[in-house]
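Letter by letter, the chains look like this.
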Amino acid sequence: RHHVLSLADFTAAEYNTVLQTAASFEEVLSRRTKKVPTLQGQVVANLFFEASTRTRSSFELAAKRLSADTLNFAASTSSMTKGETILDTAKTYLAMGTDIMVIRHREAGVPDAIAQEMDRLGVRVSVLNAGDGQHEHPSQGLLDLFTICTLIDPSNPQLELLKGKKIAIVGDILHSRVARSNIWSLTASGAQVHLAAPPTLLPKLFAEYVLEEAGDLSSISLISNRQLFIHWQLEPALQDADFVMTLRLQKERMTAHLLPSLREYHQLFGITRPKLQLCRPNVKVLHPGPVNRGVEISSELMDDPEFSLIQSQVTSGVAVRMALLYLLGSSKV
Ligand code: CP
């Protein structure tokens, strides 16, 4: 493959290649120089049509650690304010010799449309989806997988380490591209993935399913041979969980009738230390960031190094994005 747009079609071999490559780049990042000449002469363009802190900065740093040249674009300060289209913007970066385009947009499908245009033009440009609307955020899914796998076995992170683990994904599933990518990667590993959210914050198909099952533990077989469970209460998802991934309440994507009372939401679905007593004793908590402190997770838990992997996720992001850029740059994925 020469684009990464989604994790839906990732194979176990591809996951393991990314995990092993990221582990080797973690070793590079632990050295004093932190840099390799692998992508010298290549150009990585970060085309961000929607706001970002972590993803944009870590793709930029990852590209620089691989000795690539980087171009950073933000729609608000670009010629799009004068009416230039997305495709014309992408073609402008192509004309400057871009090899890899990292694209974030608030509409699902924009990275895919640009990838199709590049293929139609017959150019060897790779497109990496850095988050498109409510669709997917594959590099976040891969860095979450890497964070969990390296915690279990730092010397040999691989997909199979998650087999039989219970992972709860809690919160605003409806708007979460992170959840969609993580559902693909975590269920591919053989883990049991339990979603927990109020029905109004679940995709319609999932919400209808849970309502029909009267809120019981509900197994859904939308993806064959994978273990995905959906709950509209928090407790069954947390019970004996090994990992809890909590998601940001995406207020900016909600119409007024969807936005819950933040106090009530925190009481029912917010992750706190006392609620973790339902989980396995060494449970760890993840959050893709940015965080609404005191809403989806208590401020105290977010900063508690005994439970929180949130800073490790950010750190892992650089090695995982180096792996993706390297594998695309050398066409090995
Ligand atoms: N997790 C994530 O995508 O964060 P940013 O929006 O800051 O990039």
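The protein chain is annotated in an unreviewed UniProt entry as Aspartate carbamoyltransferase from Halotia branconii CENA392. Of the comments in the UniProt record for the protein chain, the one headed Function (unreviewed entry) reads "Catalyzes the condensation of carbamoyl phosphate and aspartate to form carbamoyl aspartate and inorganic phosphate, the committed step in the de novo pyrimidine nucleotide biosynthesis pathway." On record in UniProt, under Catalytic activity (unreviewed entry), the comment for the protein chain is "carbamoyl phosphate + L-aspartate = N-carbamoyl-L-aspartate + phosphate + H(+)".

(A) Just the domain arrangement of the protein chain, in detail. Structurally, the protein chain comprises domain 1 (12-137 + 314-329) and domain 2 (140-309). Averaged C-alpha coordinates put domain 1 and domain 2 at centres separated by 26 Å. Contacts between the two partners involve 20 residues from domain 1, matched on the other side by 20 residues from domain 2. Contributing elements (two or more residues each) for the side of domain 1 that touches domain 2: helix H1 (12-29), strand S4 (126-132) and helix H11 (310-329). Split by residue class, the side of domain 1 that touches domain 2 holds eight nonpolar, nine polar and three charged.

(B) Molecular detail of the UniProt feature "domain: Aspartate/ornithine carbamoyltransferase carbamoyl-P binding" (unreviewed entry) in the protein chain. Within the UniProt annotation, "domain: Aspartate/ornithine carbamoyltransferase carbamoyl-P binding" (unreviewed entry) is assigned to residues 3-148. Between the end C-alpha atoms of residues 3-148 the distance is 25 Å, and the span holds 43% helix and 17% strand.

(C) Seen up close, the nonpolar core. Among the nonpolar cores identified, the biggest contains 96 residues, and Val170 and Leu325 are the most heavily contacted of them. With 11 residues, the top contributor of residues to this core is H11. Taken together, domain 1 (12-137 + 314-329) and domain 2 (140-309) each give at least three residues to this core, which thus spans both. Look past the residues within four positions of Leu325 in its chain and what remains in contact with it is Leu39, Val44, Ala62, Ala63, Leu66, Ala68 and Ile100.

(D) The arrangement of H11 in detail. Between the first and last C-alpha of H11 there are 28 Å, a value that for 20 residues agrees with the 28 Å anticipated at 1.5 Å per step. At Gly317, H11 is bent by approximately 30°, the largest bend along its length. Where burial is concerned, most of H11 is hidden: 15 out of the 20 residues are buried. Looking at the residues trailing H11, positive phi occurs at Ser331, about 50°.

(E) Looking closely at the environment of Trp232. Among the structural elements, Trp232 can be located in the loop between strand S8 (227-231) and helix H8 (235-238). For Trp232, a count of 25 C-beta atoms within 10 Å translates into the label buried. Along the backbone, Trp232 and Lys166 are 66 residues apart, and their C-alpha atoms lie at a distance of 17 Å.

(F) Region of interest: the site of the ligand. By nearness alone, every residue bordering the ligand is listed as Ser52, Thr53, Arg54, Thr55, Gly131, His137, Gln140, Pro288, Gly289 and Pro290. For the shell around the ligand, the class distribution of residues is two nonpolar, seven polar and one charged.

(G) Representation of helix H6 (residues 177-188). Between its first and last C-alpha, H6 extends 17 Å over 12 residues, near the 16 Å set by a 1.5 Å rise per residue. With 11 of its 12 residues buried, H6 lies for the most part within the structure. Within the sequence span of H6, burial applies to Arg177, Val178, Ala179, Arg180, Ser181, Asn182, Ile183, Trp184, Ser185, Leu186 and Ala188. The positive-phi residue at the C-terminal boundary of H6 is Gly190, with phi of around 90°.

(H) Representation of unusual backbone geometry. In this chain, Gly289 is followed by Pro290 through a cis amide linkage whose omega measures -5°. Here Pro290 shows up in the loop between strand S10 (284-286) and helix H10 (299-302). Despite not being glycine, Lys34 has its phi angle at roughly 60°, a positive value. Structurally, the position occupied by Lys34 is in the loop between H1 and strand S1 (43-48). A residue is classified by how many C-beta atoms lie within 10 Å of it, and Lys34, with 13 of them, is partly exposed. The phi dihedral of Asp240 falls on the positive side, at around 60°, and the residue is not glycine. Mapped onto the fold, Asp240 is located in the loop between H8 and strand S9 (243-246).

(I) Quick peek at the pairing of strand S6 (residues 192-196). Burial runs high along S6: five of the five residues are buried. Alternating residues of S6 divide into Gln192, His194 and Ala196 and Val193 and Leu195, and every residue in both groups is buried. Judged from the five bridges that link them, strand S5 (residues 166-170) and S6 form a sheet pairing that is parallel. The residue of S6 that forms the bridge with Ile169 is Leu195. Handedness of the β-α-β unit built from S5, H6 and S6 comes out right-handed.

So, how was this worked out
- Residues numbered from 1 in each chain as written.
- Predicted model: local features only at pLDDT ≥ 70, side-chain atom pairs only at ≥ 80, totals over all residues.
- UniProt positions renumbered as here; feature names shortened; annotations may be inferred.
- Domains from an automatic or database assignment.
- Contact = placed C-beta atoms within 7 Å.
- Helix = DSSP H or I, 4+ residues; strand = E, 2+ residues; numbered from the N terminus.
- Nonpolar A, V, L, I, M, F, W, Y, C, P; charged D, E, K, R; others polar.
- Core = buried A, V, L, I, M, F, W, Y, C linked by C-beta atoms within 7 Å.
- Buried ≥ 20, exposed ≤ 12 C-beta atoms within 10 Å, placed from the backbone.
- Expected span 1.5 Å × (residues − 1).
- Bend = angle between axes of the 7 residues up to and from the residue.
- Near = placed C-beta within 6 Å.
- Pairing = 2+ DSSP bridges.
- Right-handed = clockwise from strand over helix to strand, strands pointing away.

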